[in-house]
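Residues per chain, in single letters:
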Amino acid sequence: MFVDGVRTPFGKSGPKGLYAETRADDLVVRVIRELIRRNPHLPPERVDEVAIAATTQIGDQGLTIGRAAAVLAGLPKSVPGYAIDRMCAGAMTAVTTVAGGIAFGAYDVAIAGGVEHMGRHPMGEGVDPNPRFLSEKLVDPSALVMGMTAENLHDRYPAITKGRADAYAVLSQERAAKAYADGKIQPDLVPTAIRTAEQGWGLAAEDEAPRPGTTLEGLSALKTPFRPHGNVTAGNSSGINDGATGCVVAAKEVADELGLGAKMRLVSYAFAGVDPEVMGVGPIPSTERALRLAGLDISEIGLFEINEAFAVQVLAFLDHFGIADDDPRVNQYGGAIAYGHPLASSGVRLMTQLARQFGERPDVRYGITTMCVGMGMGGTVIWENLA
């Protein structure tokens, strides 16, 4: 059962970003403490595991960050923890992994989430790809550059034009702006203390990345950095961001015993591999497999939270399943093109937004959270609404 989820506001990476002088592990600590504060019926000693994902597990994202953050957050020393990595689907994998442990009976309650401080640790920092990948032609060279994989996806789906991707990006920004205006996002944000060289101490209380007022005309003028006269721009892609997420996952009987008030039930999940050079198609086979495992059809899914690494990746998913670009079931609060995508943390953002939508829509029974993953994968979780 998904009991509750929160996240820090997402910041822009870089020397002027919200978290330029904030440690990654301190972002996780803030999330864990908020989960405990918001769920007073959960005794900290009843937490059986803390699983925290990070793509770049060095520096302040290293030292087995799940255990380190648990100790720093003040959880009892008896609470273990570990680190996990599945690139963009890190937090999603943290949730499915602890859920599997709960189903097996190894845990009753766990905290799962993810963090990425891309300002301190750029994607690929310290990585040493094996030369066999290229020398033996195991992958296309473009597989190592996410923006190039998105351009490859445009090649594979010529009906997905730059104009169509830009229109989807505008829609994401508009939906995010409306969600903020309607107070849909703020309840699950953890105000986080920050410090900047210019202004000293402050408080991050909202996402830094959204660009309300984005227009098609403005997006059409942006450069295509991954290919001359290409389709992928900074405007129809997610940003480079910092942030952390976390959630409480529990067995049903334990959630009932403690009065935790679960929001969603995990029905099924699946991960799938695809050609790394078109990693954006990953959510298609992972969703097909998750639906098959659940005995469901795509027509039975009432809400979708699809991570917007690139607009083309979302549009490829929608085209495959016969869903319109502006279908109101899809990312109705906007997505990563607006909020940003701090890699390993994003999976729980999707879940938290879906849980809040479930609470408003008791007529919807099933929802999906899904995302593409670097090196050619996709991940999907199907949830049942408990509202």
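Residues numbered from 1 in each chain as written. Predicted model: local features only at pLDDT ≥ 70, side-chain atom pairs only at ≥ 80, totals over all residues. Heavy atoms only, no water.

Visitor: Hey, could you run me through the pattern of salt bridges in this one?
Guide: When the charged atoms of two side chains lie near each other, side chains of opposite charge can form a pair. Counted under the stated rule, the structure contains 23 salt bridges. Among the ionic pairs, Asp 25 bridges to Arg 23, the shortest N-O distance being 2.9 Å. According to the relative accessible area criterion, Asp 25 is buried, its value standing at 9%. The partner of Glu 34 in a salt bridge is Arg 30, with the nearest N and O atoms 3.9 Å apart. Placement of both Glu 34 and Arg 30 in helix H1 (residues 24-38) is noted, with a separation of 4 residues, approximately one turn of the helix. (Salt bridge = Lys/Arg side-chain N within 4 Å of Asp/Glu carboxyl O. Buried < 20%, exposed > 50% of the residue type's maximum accessible area, 1.4 Å probe, protein only. Helix = DSSP H or I, 4+ residues; strand = E, 2+ residues; numbered from the N terminus.)

Visitor: For this particular structure, what's the right way to read helix H5 (residues 146-156)?
Guide: Quick reminder: α-helices carry 3.6 residues per turn. Residues three or four places apart thus point the same way. Burial within H5 is extensive, with 9 of its 11 residues counted as buried. Buried within H5 are the following residues: Met 146, Gly 147, Met 148, Thr 149, Ala 150, Glu 151, Asn 152, Leu 153 and His 154. On its buried face, H5 sits against helix H6 (162-181) and helix H10 (311-320). (Contact = heavy atoms within 4.5 Å.)

Visitor: Could you clarify how one ought to interpret the environment of Ala 290 in this entry?
Guide: Among the secondary structure elements, Ala 290 is positioned in helix H9 (residues 283-294). A sequence separation of 96 residues divides Ala 290 from Leu 386, and the C-alpha atoms of the two residues are 19 Å apart. Those residues in contact with Ala 290, other than ones at most four positions away along the chain, are Ser 268, Tyr 269, Ala 270, Thr 380 and Ile 382.

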